[in-house]
Amino acid sequence: MMRRIAVLTSGGDSQGMNTAVRAVAKTAMTKGIDVFGIKRGYKGMLEDQIFEMSPLSVSGIADQGGTILLSARLPEFKDPAVRAVAADNLKKRGIDGLVVIGGDGSFHGAHYLYEEHGIKTIGIPGTIDNDVAGTDYTIGYDTALNIILDAISRIKDTAISHERTYLLEVMGRNCGDLALYSAIAGGASGVLIPEVENSIDDIAEVIKYRRSEGKLYDIIVVAEGVGNVMEIQKELAKKVDTSIRVTILGHVQRGGAPTAFDRILATRLGVKAVELLVEGKGGLMVGLQSEKVTTHPLSYAWENYHTKTSFNDYAIANMLSL
Ligand code: ADP
Ligand code: F6P
């Protein structure tokens, strides 16, 4: 019977991580399980920054951006010897279950802790990037998407006034989802994503066509994974005569209160993670697929990542950009 579990947040923070921490802690406490918070992800696990949580620790955080547990990156966690020290810090407290909230990098760490040390790990996908297979949506993605949509609307106003072309760089690491779906929902004039070969010539043609139709502005959403947006600006400037400006949205995309969608997603996945631990399971991730909460081995997250991109949606974005 699982008596003690721990929870940590790892990698880039995302809106809704706190909501997930709350769901994990409250669900476990309701079942009579002691809950420990680990500060600063795997770094805190290694450095023994582990504290017992109380209901008060998670009170009032469902709507708070960031993560009360703090987050960090620890590249050394790829070293089995480092993981062994970190695992011992859990074992000496009698903690045998661990919920890891993060992206696929964090899931790798959780996978090894399970395989090498038998710690029952459950991964909850928390990242704005939406780059985890085994879930249709990662926690934070919807909030970040809405922040980008707000930015597109604001940029559109000034773009029209000055009849400009804007290149709007958004986050997502190697995943184009934030760019693609903000382009669709924001009515953008084009989108560049890392999953397809991008052509500056094609974007130039779109701009020329739009201007010939009397349209006064263009907003091209550029996923950061495509490459240097300043270089793209230079190349594009050789092919069109509109004034081109670059906006890099940056970490604004990671802050603020989570949307209702992200809060509900975080809650459902947090509850499921604890249920799996109570059933004695580990080495798994939870996700939401076709409106159902699902589970897969942690490795599913990265091994099946290539199946995620919708090329049909990419075609739709381009069709509507004219
Ligand atoms: P995310 O979890 O959002 O993908 P990162 O890729 O930065 O973010 O990973 C977060 C942390 O997970 C890393 O700093 C490291 O501690 C751990 N991690 C990443 N990749 C591995 C790996 N291959 N093996 C073990 N731990 C890893
Ligand atoms: O993984 C989330 C993310 O925001 C990516 O979209 C981005 O590439 C990266 O983290 C930025 O990392 P940092 O917070 O270290 O600048």
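Residues numbered from 1 in each chain as written. Chains lettered and ligands numbered in written order. Predicted model: local features only at pLDDT ≥ 70, side-chain atom pairs only at ≥ 80, totals over all residues. Heavy atoms only, no water.

Caption draft 1: Inspection of the sheet that holds strand 2 (residues 34-38) at higher detail. Ordered in space as 3-2-1-4-5-10-11, the seven strands form an open sheet in which the pairing is mixed. Strand pairing shows two members of the sheet lacking a second neighbour, strand 3 (50-52) and strand 11 (292-297), which therefore form its edges. Averaged over all pairs of adjacent strands, the angle between strand axes in this sheet comes to 25°, irrespective of strand direction. Pairing between strand 4 (residues 97-102) and strand 5 (residues 120-125): six bridges, direction parallel. Residue pairing in the sheet places Gly97 in a bridge with Lys120 of strand 5. (Pairing = 2+ DSSP bridges. Helix = DSSP H or I, 4+ residues; strand = E, 2+ residues; numbered from the N terminus. Axes fitted to C-alpha atoms, helices over the stretch in contact; angles between N-to-C directions.)

Caption draft 2: View of the site of ligand 2. With respect to spatial proximity, the complete set of residues near ligand 2 consists of Arg73, Thr127, Asp129, Met171, Gly172, Arg173, Glu224, His251 and Arg254. At 2.9 Å, a side-chain N or O of His251 approaches an oxygen atom of ligand 2. Measuring from an oxygen atom of ligand 2, one finds a side-chain N or O atom of Arg254 at 2.7 Å. Taking 400 Å² as the accessible area of ligand 2 by itself, protein coverage stands at 75%. Structurally, ligand 2 is housed in the largest pocket. Taken together, the residues of the shell around ligand 2 sort by class into one nonpolar, three polar and five charged. Both domains that furnish three or more residues to the shell around ligand 2 are identified here as domain 1 (4-140 + 258-304) and domain 2 (141-255). (Near = heavy atom within 4 Å. Polar contact = N/O pair within 3.5 Å; in protein donor to acceptor, adjacent residues only side chain to side chain. Areas by Shrake-Rupley, 256 points an atom, 1.4 Å probe, with all protein chains shown as cover. 1 Å grid on protein atoms, 1.4 Å probe; cavity = no way out; pocket = protein on both sides within 12 Å on 5 of 7 lines; lining within 4 Å. Sits in = over half its atoms within 2 Å of the grid points. Nonpolar A, V, L, I, M, F, W, Y, C, P; charged D, E, K, R; others polar. Domains from an automatic or database assignment.)

Caption draft 3: Main features of the pairing of strand 1 (residues 4-9). Burial analysis of strand 1 places five of its six residues in the buried class, the great majority of the element. Sheet topology note: the strand 1/strand 2 ladder contains four bridges and is parallel. Opposite Val7, over in strand 2, you have Gly37 as the bridge partner. Taken together, strand 1, helix 1 (residues 17-30) and strand 2 constitute a β-α-β crossover, and its handedness is right-handed. Of the strand pairs in this sheet, strand 1 and strand 4 are connected by five bridges, and their pairing is parallel. By the bridge assignment, Ile5 is partnered in strand 4 with Gly97. (Buried < 20%, exposed > 50% of the residue type's maximum accessible area, 1.4 Å probe, protein only. Right-handed = clockwise from strand over helix to strand, strands pointing away.)

Caption draft 4: Structural view of the packing of aromatic side chains. Per the stated rule, a full pass over the model turns up three aromatic pairs. Between Tyr42 and Phe77, the aromatic rings sit 4.0 Å apart at their centres with planes inclined by 10°, giving stacked as the arrangement. Of the two residues, Tyr42 is situated in helix 2 (residues 41-46) and Phe77 in the loop between strand 3 and helix 3 (80-91); the sequence distance between them amounts to 35 residues. With respect to class, Tyr42 is no different from Phe77; both count as buried. Ring centres 6.3 Å apart and planes at 20° place the aromatic pair Tyr137 and Tyr141 in the stacked group. The ring of Phe51 is capped by Lys39, whose NZ or CZ atom sits 5.6 Å from the centre of that ring. (Phe/Tyr/Trp six-rings, centres within 6.5 Å; stacked < 30°, edge-to-face > 60°. Lys NZ or Arg CZ within 6 Å of the ring centre and 35° of its normal.)

Caption draft 5: Main features of the UniProt feature "domain: Phosphofructokinase" (unreviewed entry) in the chain. UniProt records the feature "domain: Phosphofructokinase" (unreviewed entry) at residues 4-277, using the numbering of this structure. For the annotated span residues 4-277, helix accounts for 43% and strand for 17% of the residues, and the straight-line distance between the end C-alpha atoms is 10 Å. (UniProt positions renumbered as here; feature names shortened; annotations may be inferred.)

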